[in-house]
Amino acid sequence: MASNRIRPYRPDSQECAILLLLLIQAKASEAGKEANRIRLSEITLNRLWQRHRLDGDFLADVTEWMYRAGWALFYAGTTFGLVRTRAVEGWPRISSKRLAPELKQVADGRFDFSQHYHLLGQDESDEADGD
């Protein structure tokens, strides 16, 4: 006896990229202007993509499809971000040439990383709290 129940479907990474692009289009249409950057919660992506968790391999696949569509998808600590790749092209560029002497020391095993550990402790939330 056949069941009338609809079988659940979980879209693949390409289909998830299409769903995300449709969501971006809907937001742009609602705002009346093209979007160049977007913030999304993990919960939004879970709902959009019919998933309970987002594993690394799956996210890498979706990210690859998004690159093809001109978007960079990334995790930003507590949320996900999307940036149009063409918007990034206008950002200031930085070159490793600025650190040529330091990189020579690294290659020679003479660079003292301990003098720079404080750089890893810089957190934007600390600055916002006034500490």
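A brief structural summary. (Residues numbered from 1 in each chain as written. Predicted model: local features only at pLDDT ≥ 70, side-chain atom pairs only at ≥ 80, totals over all residues. Heavy atoms only, no water.)

Now for the sheet that holds strand β3 (residues 80–84). Here we have three strands laid out as an open sheet, ordered β1-β3-β2, and antiparallel in their pairing. The sheet is open, and its two edges are formed by β1 (37–40) and β2 (71–75), each paired on a single side. Pairs of neighbouring strands in the sheet enclose a mean axial angle of 15 degrees, with direction left out of account. In the packing of helix α1 (residues 13–31) onto the sheet, contacts are made with β1, β2 and β3, and the angle to β1 comes to roughly 115 degrees. Contacting β1, β2 and β3, helix α2 (residues 42–49) runs over the sheet at an angle of about 90 degrees to β1. (Pairing = 2+ DSSP bridges. Helix = DSSP H or I, 4+ residues; strand = E, 2+ residues; numbered from the N terminus. Axes fitted to C-alpha atoms, helices over the stretch in contact; angles between N-to-C directions. Contact = heavy atoms within 4.5 Å.)

Next up on the list: α1. Taking 1.5 Å of rise per residue, 19 residues should cover 27 Å, and α1 covers 27 Å from first to last C-alpha, within 8% of that figure. All buried positions along α1 are accounted for by S13, C16, A17, L20, I24 and A28. The buried residues of α1 all sit within an arc of 120 degrees when viewed along its axis, so they share a single face. Opposite the packed face of α1, turned more than 90 degrees from it, sit the exposed residues Q25, S29 and E30. Structurally, α1 contributes buried residues whose contacts are with β1, α2, α3 (56–68), β2 and β3. Looking at where α1 begins, the residue whose side-chain oxygen comes 3.1 Å from the main-chain nitrogen of Q14 is D12. (Expected span 1.5 Å × (residues − 1). Buried < 20%, exposed > 50% of the residue type's maximum accessible area, 1.4 Å probe, protein only. Arc of directions from axis to C-beta. Polar contact = N/O pair within 3.5 Å; in protein donor to acceptor, adjacent residues only side chain to side chain.)

We now examine the pattern of salt bridges. Going through the model one piece at a time under the given rule, you end up with four salt bridges. E34 is paired through a salt bridge with R84; the nearest N and O atoms lie 3.6 Å apart. Within this pair, whereas E34 is found in the loop between α1 and β1, its partner R84 is found in strand β3, the two being separated by 50 residues in sequence. Look at R84 and you get buried, because its relative accessible area is 13%. A salt bridge links E34 to R86, with the nearest nitrogen and oxygen atoms 2.5 Å apart. One end of the pair, E34, is in the loop between α1 and β1; the other, R86, is in helix α4 (residues 85–88), and 52 residues separate them in sequence. (Salt bridge = Lys/Arg side-chain N within 4 Å of Asp/Glu carboxyl O.)

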